[in-house]
Structures are given as structure tokens and as C-alpha cells.
Amino acid sequence: MKVAVYITGGIAAYKAVNVVRLLQKNGHTVRVGMTKNSQNFVGSQTLAALSKYPVLDDLWEKEAQISHIELADWSDAAIVVPADANIIGKMAQGLADDAVSTTLLATNAPKFVVPAMNVHMWENPALQRNLKLLKDDGVQILDPDNGRLAEGYRGKGRMPEPDKIYQWFIESMTKDLPLQGKKILVTAGGTREQIDPVRFIGNNSSGKMGLALATQAAKLGAKVDLVYGQVSVPLPTNRQIKVHAIKSTEDLLTKVKELFKDEDALIMAAAPADFRPKKYIDHKIKKQKDIDDFQIEFEKTPDILKTIGQLKNKNQLVIGFAAETNDLLENAEKKLTNKKADYIIANDVSKGVFGSDENEVVILTKDGRQTRLPKMTKVELAKKILELTIEKKNKD
Ligand code: CTP
């Protein structure tokens, strides 16, 4: 998720640094806006270095590298942490007289406000009135903690610890998501079948489609188990995604069988090798003088999708792919029936799909429907596949 963190004046501003770090640790990209007052408590250089983006703190500076509108449009969520009484008042009244208030007024992203201030300011009816206005506008507010305040006495107004802020933010962001509460198992990438300690049989799968499906499912609120083999792109770092590495098709079957019983759906985007050498040679096979050809005997590996198609209960969805170079729909139909899948995503792999960022597919459903999707990026396609399969089941 792309998160804009706005830091306003208050001693708790130093704790915002840890909120930024927690967000980043969980795979979110963060950009920061700061009021001039907040910079009396924490330096903008620290936040720029941490976020690796320039900090937005001035509307007029010539060197300003990011505009307020750009930050407003870029963000998927806006957190004001800590929020002082001044920004709460400005947000409630729709005022825009500096970089932070102007950006907050300009953004359509959901807004999260973490007030922190002196207990008497917190209890002031004017402040409470403004908070009520914000709540009525749909802004999420995290109540401050009771405790020792910087002024030396106790009272309500202390900013909660960064962990609590992070949990609250993530839970509020995900509670209305369409796949919230779902567990989805996604497989990605190719498997490897070793011939000897040096060589293996593999395939051209990059894993991009599977990783995009895992990332999008997590963004839609699902908890994801991602079982991956050989992939050529970085793994997602989202906290909602648990990753499991495997090598061979047999390993993949073992892992999928172990996890599947607790899942709501399986998406088999992996490209398992269909054959493995009958015998593994435990030393490097050497070239033999005067022998120019070499034979390896292969045997079939297990069909994971087919195995799971037979094991699944009626509440579990099984989605497979069909990678074809010819007779796309005819072959995909056969796979849908033979493997007892609920959906098959038919994929013409004759035209440079491997490693590409785009794909064009037809979704086949077990009741005979076919949905042809136009060419789109694998990320867009992942969203579409989830919408037309798992989200649809949720709504039915
Ligand atoms: N699959 C599987 N186990 C295998 C091979 C494939 O679970 N040993 C899954 C793939 O992940 C995919 C679907 O089955 O979701 C179809 O894979 P594909 O490679 O298109 O077809 P195969 O079943 O391997 O058949 P063929 O090679 O004859 O096209």
C-alpha cells in the first residue's frame, strides 16, 4: 500500500519515525509530509532518509521536488501521526494554509488521525467538537492513551505506541475488504527436477502471475500462503503473505496437501514439471569419451491440481491454469473436467507470455461459462481473476 504519513507538532512526533519504519517493514511504501512545528521535535532529514522520498513541508519552496497534489493523488491512505489540535481543527473546517493541511484537503484517500496532546487540550470542547466533525466525515480516529504526559502529570492525551497504531491502521483499512477473513493458497513459479547435483529439468515460468495473485489477494484482505518454486522476480513482503519455498513437484504436492485443508481456495499458478528423471545420479555425470549422445529416462510427477480437485470439500474453490500452445479452449475444457477444478484460466503461451508483464486469458467455469478478458497487465489480471472467482463466491 502507498501510505502518506503526515507529522504535526507535538513531542510524540519522534514516535512517528517508528510508525514509518513499521509500515515499511510490512511492505508498504511511505512518503512523508511535515508541518513546520513538527520539525522542532524531529528533523525532516531523518524522515527523508528513512522514506527515501523528499519530505513535503512547504508549498512554495522552489526546490520542492513533490507537489501536494501529487502526494495527495499518490497515496492509498493518509495517517496524521501525531495529530495536534491545530491540524484537527483545520481538517474539521476544511482549511488549507500549509503543505500538510492542503494535501489532506486534496486527497481522496481514507484518513486516519492519531491525536496526541495535553489532557486539558484533549478535553477542550472545541477540540472534541472538531473530532466529532471529523468522525462524521468518515475519518478514523484513534483515541489517545491515558498515562504520563510530557508535562509531568498523568491524563489522557498520550500517543499510543507505534505497534498499536500500526495494528489499528491495518485493521481499519482491511475490515471492509472483499476477501477479509479468507485464506488463500497460491502456488507460483516453476519446479526443478534434479538430474544430478549440478543439472536439473526446469521450465520458463517467471512466477509473475502467481506473485501478482498473492499480492492482490492480500491487498483485498485475504491471508495468503504462497508456495513458490523457481521465480525471477522479488517475493512480496506483505505481512499477510506467508511464503513457503519448494523445489520439486513432489515437494509442491506435499506442501499444498499440508496447507490446503485450512484454506478457502487454491490457485495453482505454478508450472510444475510434469516429468522427473527416473533415477537421481548423486554425482556429476561426466562426459564420456567417444559417446556423443546421452539418454535420461523420465517418469511422470504427481498432478497436484487433480489431486486437490478430488480432495476439496464443497466450500473450497480450486482454480487452475491451462498453458496451451494450440487448441486453447478445447484443451482447457479437458483440464477443467479431468482435474475437477472450479475454474481454469486458459492461457495461450505460444506468444511470449513467459516473463512478460502482460497476459490475455479466457476464464472457464465448471458450469460451462467462458469469460474472455482483453490483454492486460498481470497485476490487473490478478485482480480480475480474484473478482470473478473468489469474490464472486463470497457474494453468491
Ligand atoms: N499442474 C499440477 N501438477 C502438475 C502439472 C500441472 O497441479 N504436475 C497444474 C498447473 O499448475 C495448472 C494446471 O495443472 O494449474 C494445468 O497445467 P498445464 O501445464 O497447463 O497442464 P498439464 O496438466 O501439465 O498438462 P499438459 O502438459 O499435457 O498440457
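Read on for a plain summary of the structure. Worth saying up front: this structure is predicted, and the values here are computed from it rather than measured. (Residues numbered from 1 in each chain as written. Predicted model: local features only at pLDDT ≥ 70, side-chain atom pairs only at ≥ 80, totals over all residues. Heavy atoms only, no water.)

### Some points on the overall build of the protein chain
Under the convention used in this document: Working definition: helices are DSSP H or I runs of at least four residues, strands are E runs of at least two. Numbering for both runs from the N terminus. Burial classes follow relative accessibility: with a 1.4 Å probe on protein chains only, a residue under 20% of its type's maximum area counts as buried, one over 50% as exposed, and anything between as partly exposed. Any two residues whose heavy atoms approach within 4.5 Å at even a single point are treated as in contact. Per-residue accessibility takes into account occlusion by the displayed protein chains alone, with areas from the Shrake-Rupley method and a 1.4 Å probe. Under this rule, positive means Lys or Arg and negative means Asp or Glu; His and the chain ends count for nothing. Where a charge sits is defined by one atom per residue type, namely NZ (Lys), CZ (Arg), CG (Asp) or CD (Glu).
When its secondary structure is counted, the protein chain shows 13 helices and 21 strands. With the C-alpha coordinates aligned to their principal axes, the bounding extent of the protein chain is approximately 85 × 55 × 40 Å. Relative to its full complement of 396 residues, the protein chain shows a buried share of 49%. Considering only contacts within the protein chain whose residues lie at least 6 apart along the sequence, 67% involve residues at least 24 apart. Accessible surface for the protein chain amounts to roughly 20,100 Å². Of this, 49% is attributable to carbon and sulfur atoms. Averaging the coordinates of the 58 positive side-chain charges in the protein chain and doing the same for the 51 negative ones gives two points 3 Å apart.

### Points about the pairing of strand 8 (residues 183-188)
Here is the rule we go by: Here, strands pair whenever DSSP counts at least two bridges between them.
Counting buried positions along strand 8 yields five of six residues, so the element is predominantly enclosed. Here strand 8 pairs with strand 11 (residues 223-228) via six bridges, running parallel. Residue pairing across strands places Thr 187 opposite Val 227, the latter belonging to strand 11. As defined by bridge partners, strand 8 adjoins strand 13 (residues 265-268) across four bridges and the pair is classed as parallel. Across the sheet, Ile 184 pairs through a bridge with Ala 265, a residue of strand 13.

### Quick look at the pattern of salt bridges
Stated precisely, the cut-off is as follows: Here, a salt bridge means any side-chain nitrogen of Lys or Arg that lies within 4 Å of a carboxyl oxygen of Asp or Glu.
Applying the stated criterion across every chain, the model contains 22 salt bridges. Put simply, Glu 161 and Arg 158 hold a salt bridge, and the shortest N to O gap is 3.4 Å. For Glu 161, a relative accessible area of 40% translates into the label partly exposed. Classification of Arg 158 as partly exposed rests on a relative accessible area of 30%. When the shortest N-O distance is used, the salt bridge between Asp 342 and Lys 366 registers 2.7 Å. Highlighted residues: Asp 342 in the loop between helix 12 (328-338) and strand 17 (343-348) and Lys 366 in the loop between strand 19 (361-365) and strand 20 (370-372), separated in sequence by 24 residues. Given the relative accessible area of 5%, Asp 342 is considered buried.

### Quick word on the site of the ligand
Using the following cut-off: For each residue, the test is whether any non-hydrogen atom lies within 4 Å of the molecule or strand; if one does, the residue is near. Nitrogen and oxygen atoms within 3.5 Å of one another constitute a polar contact, given that in protein one can donate a hydrogen and the other can accept it, and given that sequence-neighbouring residues count only through two side-chain atoms.
Among the 15 residues in the neighbourhood of the ligand, the closest are listed as Ala 270, Leu 305, Phe 321, Ala 323 and Lys 339. One nitrogen or oxygen atom from the main chain of Met 268 is found 2.8 Å from an oxygen atom belonging to the ligand. Burial of the ligand by the surrounding chains reaches 77%, relative to a free accessible area of 560 Å². Broken down by secondary-structure element, the contributors of at least two residues to the shell around the ligand are helix 11 (304-311) and strand 16 (317-324). The element contributing the most residues to the shell around the ligand is strand 16, with four residues.

### A look at the side chain of Asn 359
Position of Asn 359 relative to the elements: it lies in strand 18 (residues 358-359). At 3.1 Å, the side chain of Asn 359 forms a polar contact with the side chain of Asn 347. Once residues within four sequence positions are removed from consideration, Asn 359 is found in contact with Met 209, Asn 347, Val 353, Pro 374, Lys 375, Met 376, Lys 378 and Leu 381.

Geometric descriptors of this kind do not, in isolation, establish any biological role.
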